[in-house]
Amino acid sequence: MLLLSLLVVGFLGCFQIQVSILTVLLRRLVCKKNSYLLDGVLTQDWFTIDFNFKDLKNVFLIRGMLSRSDAFDGNNYAISTVQDIATQLKPKSFWLNVQHEAFYAQHNLSISSFLLSAPKTVTIHYLSSPEVNFFRNIGSRLGRKGPKFVFRFLEKDDVEVSTNQTYGSLAGNLTFIKTFASGILVPKSYIWPVESQYLLPHTSVVQDAHKAGLEVYASGFANDFDIAYNYSFDPLAEYLSFIDNGDFSVDGVLSDFPLTASSAVDCFSNLGTNASTQVDFLIISKNGASGDYPGCTDLAYSKAIKDGADVIDCSLQMSSDGIPFCLSSIDLGKSTNVVQSPFRNRSATVPELNSLSGIYSFSLTWSEIQTLRPAIENPYNKDFNLFRNPRERSSGKLVSLSDFLNLAKNSSSLVGVLISVENATYLREKQGLDAVKAALDSLMEAGYSNRTTTTRVMIQSTNSSVLVDFKKHSQYETVYKVEESIRDILDSAIEDIKKFADAIVVGKKSVFPTSASFITRQTNLVARLQKVQLPVYVELFQNEFVSQPWDFFSDATVEINSHVTGAGISGTITEFPLTAARYKKNSCLNRKDLPPYMTPVQPAGLLTIVSPTSLPPAEAPNPVFTDADVTEPPLPPVTARAPTTTPGPQTTDGKSPNGQTRVAVSLLLAAFATVIASLLLM
C-alpha cells in the first residue's frame, strides 16, 4: 500500500509531509519565511500556500532525518502530483493523508474540491485525516463507493481543532469515531506505551476499537529509530509485537521501511514455537547473548540457549592461579567494574597485548575475579549514543570454563560449544600459564572427551600454532579465524589452513566490502573456501542499525538473509542469537519464487542510484591472504613463573605477541622447533 500526504499544490512520494516544507531543499528561490496561525499556534516557516506548483518545480526533496545518508540528496527528486504517482507507480492500494484541511480553507484553498474530482483519474482506497470536521463535511459527498475513512490520532496531549478535545480524550470515545470513520490510525505508543525506553503493558485500544467496529492501523515505525530496549534493536521484533502477540493484532502499520513490515507480516507472523527450520546454517553466539546481557555471564549464555543458538562460545582467559574462565577480553576493564574495585592498583602496561595500560586477567586470582561485577559492552554509545539494556547492564555472574561446559551439557537444544583461545604464546612465555592444557583438562573433566559425548567441541583461534597444538592432543574441531578483512586467499594458504583447521571465520567485510557504509561488491571468498570443504562462519552480526551497511535498510534480518541465502555462508556469529534463529524459520524461504522483501540485496545496488557528487571515494582493496599470513612458529614451552607477593604482571618488553604479528618460518626451522618443544614437554 502506498500512503501519501496531500498538499494543495502537491505531495511527496512515500514520505509524510506537513503544511510547512521542512524536508525540502529550496533552490533558485528567494523567499522569506511567513508566520501563520496553525492549529492555534503561531508558526513561522516556509508554507506551501505561498508557492504555486510552478515555483515548487524548482524545489527538490532531501532526506527527512539527518541520521540517514545524504548520498541521495543531490538526485533532484521533484515533488510529484497525486496523478503522477497513480499513473507512474500504479499502486495496488492508494492511501491519501490529508493534513490541516481547516488551515487551507482559511486561505480559500479547498482540499474537498480536489478529492471530489480526483476519482475521475485516481482511485483512492484509504483517506486519513486528524480533523473530525473534514470527515463530517466530505463523508456523504464521496458516497459509499468512496475510500475508507481513517481518523488519524496525533499525540495524546494535542488538541483536535474542530472538537477542541485532546486526542487522548477522543481515544476514550471510539463509538463517536465510528460515526464518521471505519478505522483509526494511532501512534504505536497508544498501543504499547513506553517509559524510560522500556515497554509498559499494552493498552486495550486495539480490542476496544475492534469491538466498536473500527480497523486499527499503527504509525511511527522506522528501523533506524531508537526503539524500546525490549526489542533488542530488532525492528522485526517490534512489528511482530503488534501483529503476533497472542492477544491482538493491528490491521496495518505505517512505516518508513515497508520492506521490513512486509516480511514481518508475510514471512514471520504466526510461526509458532514448533515452526520447522527452512534454511540450515549454524548459529554461534558471541559471548552468549551479549547484546542483551553482559557477555560471558550465566544470564547471557542461558538467553543464548533459550533464543535458539546452536553453539555457545567461551572466550577463554586465565586467572593468576591458573583457572580458565570466560570473558570477552584479557583486559578485565573492558567488561567488568575492575577499575572501580580494590584491584584497580593492579594496572600494568603490557606492550605485547596493548600499548595502553590495563588490568589483566592474569593479575587476579579466580576468587578475586568472582567478586567483580560484569558490565554490558556498548559498542555504539560514543558515536551514536546507543545503549544496550541498561536495566541489566551489570546483571549475571562470570563463569569458569568448567561452569560453561556444564551449562552447555545440560542443554538438550545445543549442537555444540566453541572455545576461543588467544594470547597463548604470551601466557606461556611471560605468565607461566598454559591455556591449551587448561582447556583440554576442563573438557575432559566435564565429560567432553572424544568418545563420551556427541556434543560438538570447536576450538577457535587466530593462531595456527594454537590449533596445531590442539590437533596434536585431541580430535576436536578446529576453527581458524582470519582477523583482517580480505578480498581473496591464495590456494597455497588454503592448503596450509586445511592441515590444521576444519572451518574458517572471516569478517563481514570479507564477504561484502564497503565504502562509506555502501556495499561495493561481493567477493567469491565463501565459494572458494567451501569448494574445498571448509565451512565459512562470518562475524560479527549485531542488531543495531548503525552496524549494517545502508544496503541492508537498517534491518538485521535483511543482512542475515543476504549472507545466508545470497552469499551462502555456513554460519553466523552473533551477539543476538534470537534474530538469526527466527530467520531460520522464515516461511517465505520455502517458496519457489521469493517475495521481493526476502530477496538478497544486489551488491553495490544502492551505489547505482547515488548522486555522482556523493559517490564515496575509491578505497584501496582489501589484501589477499597468503601462506605467509598463516605460518607461525610452534607454541613455546611453558616458562616457570616466579612467585610474587601480589599477583600481577610486570611491564615487559615490546616483543610481538602471539596472534598479532605472524612470522613465516622455513619448514626445516619449524620441524626443528617442534622436536625441541616435544623433548622439553616429555
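Residues numbered from 1 in each chain as written. Predicted model: local features only at pLDDT ≥ 70, side-chain atom pairs only at ≥ 80, totals over all residues. Heavy atoms only, no water.

**Points about the overall build of the protein chain**
Point 1. A tally of helices and strands in the protein chain yields 23 helices and 31 strands.
Point 2. Buried positions account for 51% of the 682 residues belonging to the protein chain.
Point 3. Pairs at least 24 apart in sequence give 71% of the contacts found in the protein chain among residues at least 6 apart.
Point 4. Total accessible area computed for the protein chain in this model is approximately 30,900 Å², and 52% of it derives from carbon and sulfur atoms. (Helix = DSSP H or I, 4+ residues; strand = E, 2+ residues; numbered from the N terminus. Buried < 20%, exposed > 50% of the residue type's maximum accessible area, 1.4 Å probe, protein only. Contact = heavy atoms within 4.5 Å. Areas by Shrake-Rupley, 256 points an atom, 1.4 Å probe, with all protein chains shown as cover.)

**Remarks on unusual backbone geometry**
Point 1. In this structure, Leu540 follows Glu539 across a cis peptide bond, with omega equal to 5°.
Point 2. A positive phi is found at Asn108, a non-glycine position, where the angle reads about 60°.
Point 3. If you trace the backbone, Asn108 turns up in the loop between α3 (101-106) and α4 (111-117).

**Notes on the side chain of Arg428**
Point 1. Mapped onto the secondary structure, Arg428 falls in helix α15 (residues 424-431).
Point 2. A relative accessible area of 4% means that Arg428 is categorised as buried.
Point 3. Look past the residues within four positions of Arg428 in its chain and what remains in contact with it is Leu433, Asp434, Val436, Asp469, Leu635, Pro636, Pro637, Val638 and Thr639.

**Describing the environment of Leu467**
Point 1. Within the secondary structure layout, Leu467 lies in helix α17 (residues 464-473).
Point 2. The class for Leu467 is buried, based on a relative accessible area of 0%.
Point 3. For the pair Leu467 and Phe500, spaced 33 residues apart in sequence, the C-alpha separation works out to 6.2 Å.
Point 4. Leaving out residues up to four positions away in the same chain, Leu467 has contacts with Ile459, Gln460, Ser461, Thr478, Val479, Tyr480 and Phe500.

**Some thoughts on a negative patch on the surface**
Point 1. A contiguous patch of negative charge on the surface is contributed by Asp39, Glu155, Asp157 and Asp158.
Point 2. The class of Asp157 is exposed, set by a relative accessible area of 71%. (Patch = residues over 30% accessible without salt bridge, like charges linked within 9 Å, V, L, I, M, F, W, Y side chains within 5 Å. Salt bridge = Lys/Arg side-chain N within 4 Å of Asp/Glu carboxyl O. Lys, Arg positive; Asp, Glu negative; His and termini not counted. Charge placed at Lys NZ, Arg CZ, Asp CG, Glu CD.)

**Notes on the confidence of the model for the protein chain**
The predicted coordinates ought not to be read in detail in places where the model reports low pLDDT.
Point 1. On average, residues of the protein chain carry a pLDDT of 88, and 89% of them reach 70 or more.
Point 2. Below pLDDT 50 for its whole length, residues 6-30 participates in 88 contacts with residues either more than four positions away or in separate chains.
Point 3. Confidence drops under a pLDDT of 50 for residues 646-682, and excluding neighbours within four residues, the segment shows 66 contacts in the predicted structure. (pLDDT = per-residue confidence, 0-100.)

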